[in-house]
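Structural characterization, general
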Amino acid sequence: FGHVRMGKAFLPIFKRQAVEVKKNNKTNPSFYAPQIMNVISMAGTARGGLALSPYEVSKTAAEAFTDVLRLEMKAWGVNVVDINPSFHTTPLTTNVYDRLKEELWSPLSKDIKEEY
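Residues numbered from 1 in each chain as written. Predicted model: local features only at pLDDT ≥ 70, side-chain atom pairs only at ≥ 80, totals over all residues. Heavy atoms only, no water.

**Concerning the overall build of the chain**
- Across its full length, the chain carries four helices and two strands.
- When the helices and strands of the chain are listed from N to C terminus, the series reads α-β-α-β-α-α.
- Among the 116 residues that make up the chain, the fraction classed as buried is 19%.
- Put simply, 55% of the contacts in the chain that link residues at least 6 apart link residues at least 24 apart.
- Here the chain displays about 8600 Å² of accessible surface, and carbon together with sulfur accounts for 62% of that area. (Helix = DSSP H or I, 4+ residues; strand = E, 2+ residues; numbered from the N terminus. Buried < 20%, exposed > 50% of the residue type's maximum accessible area, 1.4 Å probe, protein only. Contact = heavy atoms within 4.5 Å. Areas by Shrake-Rupley, 256 points an atom, 1.4 Å probe, with all protein chains shown as cover.)

Structure representation (structure tokens):
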């Protein structure tokens, strides 16, 4: 929810700035259009992470929020972009499938495993 909270906090300032840019841009090129940059994991655009659905869903929601905000702010002259860094090896991603199998799958009963 950080994207939403920060957006709500700064949008009034960005809207005022955008109005100033429209008024002064022809005479003062140092005025730049305000821009919101949301940094979102690639998990918002990629699918298939075993047992990572909560993480993927939260990133997809951030992508959707950014897309809608982009459309809504266009009329004000506020640019909204998303940045999706590539995947990197981290403790979260290192041997993730082996760890999930050990931590989540192995303890399940035979009956539950058969359901899957």
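**Digging into the nonpolar core**
- Counting residues in hydrophobic clusters, the biggest one holds eight residues: L11, F14, A18, I36, L69, M73, V78 and V80.
- Elements represented by at least two residues in this core include exactly α1 (2–24) and α2 (53–74).
- Discounting residues that sit within four places of it in the chain, M73 has contacts with L11, K15, V78 and V80. (Core = buried A, V, L, I, M, F, W, Y, C linked by side-chain atoms within 4.5 Å.)

**Here's the deal with the pairing of strand β1 (residues 35–39)**
- Only one face of β1 is covered, namely the one carrying I36 and N38; the face carrying Q35, M37 and V39 has none of its residues buried.
- Where β1 and strand β2 (residues 79–83) come together, five bridges link them in parallel fashion. Bridging across to β2, I36 finds its partner in V80. (Pairing = 2+ DSSP bridges.)

**Observations concerning the packing of α1 against α2**
- For the pair α1 and α2, the least separation of the axes is 12 Å and the interaxial angle reads 15°. With respect to each other, α1 and α2 are oriented roughly parallel. As for the relative orientation of α1 and α2, their crossing is right-handed in sense. Contacts from H3, V4, L11 and K15 of α1 reach α2 at A62, F65, L69 and M73. (Axes fitted to C-alpha atoms, helices over the stretch in contact; angles between N-to-C directions. Parallel < 35°, antiparallel > 145°, perpendicular 65-115°, else oblique. Left-handed = near helix turned anticlockwise from the far one by under 90°.)

**Focus: the pattern of salt bridges**
- Inspection of every chain in the model, using the stated rule, returns two salt bridges.
- A salt bridge links D67 to R70, with the nearest nitrogen and oxygen atoms 2.9 Å apart. Taken as a pair, D67 and R70 lie in helix α2 at a separation of three residues, close to a single helical turn.
- According to the relative accessible area criterion, R70 is partly exposed, its value standing at 29%.
- Each of D67, R70 and D82 takes part in one network of salt bridges that share partners. (Salt bridge = Lys/Arg side-chain N within 4 Å of Asp/Glu carboxyl O.)

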